[in-house]
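Structure assessment
Residues per chain, in single letters:
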There are 2 protein chains.
Amino acid sequence: MLELAILGLLQEAPMHGYELRKELTAKLGAIRAAISYGSLYPTLRRLQAAGWITEADETPATAEEVPALTSRRGRVVYTITAEGKERFAQLIAQTGPETYGDTGFGVHFAFFSRTDRATRLRILEGRRRTIEERREGLRDMLGRAAERLDAYTLELQRHGLEACEREVRWLEELIANERSGRAPTVPVDGTAGGPRQDKSPPPPGETRTERP
Amino acid sequence: MLELAILGLLQEAPMHGYELRKELTAKLGAIRAAISYGSLYPTLRRLQAAGWITEADETPATAEEVPALTSRRGRVVYTITAEGKERFAQLIAQTGPETYGDTGFGVHFAFFSRTDRATRLRILEGRRRTIEERREGLRDMLGRAAERLDAYTLELQRHGLEACEREVRWLEELIANERSGRAPTVPVDGTAGGPRQDKSPPPPGETRTERP
DNA sequence: CCACGATGTATCGGACCGATACATCGCACC
DNA sequence: GGTGCGATGTATCGGTCCGATACATCGTGG
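Residues numbered from 1 in each chain as written. Chains lettered and ligands numbered in written order. Predicted model: local features only at pLDDT ≥ 70, side-chain atom pairs only at ≥ 80, totals over all residues.

1. Some details on the overall build of chain A
Each helix and strand counted, chain A has seven helices and three strands in total. Per-residue burial for chain A yields a buried fraction of 31% across its 212 residues. Within chain A, residue pairs in contact and separated by at least 24 positions form 68% of the contacts whose partners lie at least 6 positions apart. (Helix = DSSP H or I, 4+ residues; strand = E, 2+ residues; numbered from the N terminus. Buried ≥ 20, exposed ≤ 12 C-beta atoms within 10 Å, placed from the backbone. Contact = placed C-beta atoms within 7 Å.)

Laid out in structure tokens, this is it:
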């Protein structure tokens, strides 16, 4: 999952570790709290060893002397390679059971603007099915096995059930929206890439913004 | 977290691994999908080594002969010890940052009927604060940094923000209930849940219930 | 003058997951 | 009468990710 997210972010611009973590946290803030360096740095090393990214020490080109008295450690900037882009495309398109879990779905969804519509639909429907199953499990629990559980556990289940129902409704809307054809079909490519091409796909969600 | 959950469940009745996993999945179904054996068995071994639980091979006491031709492996039944109960009480009462994360909070909440009210309130308020901070982060993101993110990511944030707002409201209700000395009451919703008999909640006093 | 928070890179132990292996039992289906 | 299949049951292994920790630089304000 981290691998996918890193590759996706580096496709927008080269970054160093600290920045990467901030962007990661911003993009995935709705699902995960914060990515640990204990995950980030080893993963970066793994990606570099595999050839998906390159690591470049940021030494100031304007350094005249600076006789390295303090052996200044520059920031390490990571850049995605062509193979890395290929790898990302492969990862983003392949769906499995882990794609429909909470974290997996969130990461995939966060990169939907780089995903073709067929895959988007497949993921949304798979996620819906997963949540529907969880919902049924909770319903059964609250129906049949209710007397075996205490009031607090029941309240937890009830709250979880409600969350499931809301998410299914949300997914229905997104699916309908994708099907209605107003979906982006974003040109995924990047060879023309400067950093940050301004892509703004059509609003995937509902038109209502009922937040005060 | 697993340690706490196992200790809590074994306090209700001795169980073997398979059963433990089922009960764990039932009790925590709203937060986690299913506990892996790859976590469960090592943890059981760790708890046994620490003396919190005892491990007893379930050999049928009525076995006259049966000279072990097939070397039948009996089920291993785990029972909590007095030290284990002490350990559980210690774990359930101590709160830290990890208590307010998604998983930690869920596990603690699932055992609220074995938690004294002061601790319950501390946990609910800590959780509320955590979610409020997450909510503020998402609000900032949707306000200030909105133009840097694509439509799908924004939609994800919006959905996450809504979930935060709902959870805060839920927590407010629970906190108010705790303060008023009642058990979790059931909000009138209609969409969520099936039959909801008001099963007599843990009395406002202390907890301590053994299963028959 | 220096304390403090932000920036920045990095490692280590541990918790947990997913896949896998293997064995028994009862029951439906042919 | 056989046979396959799903539930029950115990267990390990490799890998991912987290939390704590360490250390260094820089700007700002008291």
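Here the narrative resumes, following the displayed structure.
2. Some words on the protein's contact with DNA strand D
Taken together, 23 residues surround DNA strand D, and among them Gly38 and Ser39 of chain A together with His16, Gly17 and Gly38 of chain B come closest. Broken down by secondary-structure element, the contributors of at least two residues to the surface near DNA strand D are α3 (37–50) of chain A together with α2 (17–27) and α3 (37–50) of chain B. With four residues, the top contributor of residues to the surface near DNA strand D is α3 of chain A. Among the residues making up the surface near DNA strand D, the classes are represented as eight nonpolar, nine polar and six charged. (Near = placed C-beta within 6 Å. Nonpolar A, V, L, I, M, F, W, Y, C, P; charged D, E, K, R; others polar.)

3. Observations regarding the sheet that holds strand β1 (residues 15–16) of chain A
To summarise the sheet geometry, strands pair through backbone hydrogen bonds and adopt either a parallel or an antiparallel arrangement. Sheet architecture is open: three strands sit in the order β1-β3-β2 (chain A), paired in antiparallel fashion. Edge strands, defined here as strands with exactly one partner in the open sheet, are β1 and β2 (53–57) of chain A. (Pairing = 2+ DSSP bridges.)

4. Some points on the nonpolar core
Counting 41 residues, the largest nonpolar core has Ile6, Leu9, Leu10 and Ala110 of chain B as its most contacted members. With six residues, helix α7 (residues 151–179) of chain A is the largest single contributor of residues to this core. For Ile6 of chain B, the residues in contact, after removing those within four places along its chain, are Leu20, Thr43, Leu44 and Leu47 of chain B. Judged by nonpolar contacts, the second largest core, of 38 residues, contains Leu9, Leu28, Ala30 and Leu124 of chain A. (Core = buried A, V, L, I, M, F, W, Y, C linked by C-beta atoms within 7 Å.)

5. Here's the deal with the domain arrangement of chain A
Accessible area lost during the coming together of the parts is what is often quoted as the interface size. When its domains are assigned, chain A resolves into domain 1 (1–58 + 75–94) and domain 2 (123–189). Taking the mean C-alpha position of each, domain 1 of chain A and domain 2 of chain A sit 29 Å from one another. (Domains from an automatic or database assignment.)

6. Some details on the environment of Gly74 of chain B
All names here are of chain B. Tracing the chain through its elements places Gly74 in the loop between β2 (53–57) and β3 (76–80). With 12 C-beta atoms counted inside 10 Å, the residue Gly74 sits in the exposed group. For the pair Gly74 and Arg158, spaced 84 residues apart in sequence, the C-alpha separation works out to 52 Å.

7. Details of the protein's contact with DNA strand C
Near DNA strand C you find 23 residues, and of these His16, Gly17 and Gly38 of chain A together with Met1 and Gly38 of chain B are the closest. Put simply, the parts of the chain that give the surface near DNA strand C at least two residues each are α2 (17–27) and α3 of chain A together with α3 of chain B. Looking at the surface near DNA strand C, the element that brings in the most residues is α3 of chain B, giving four residues.

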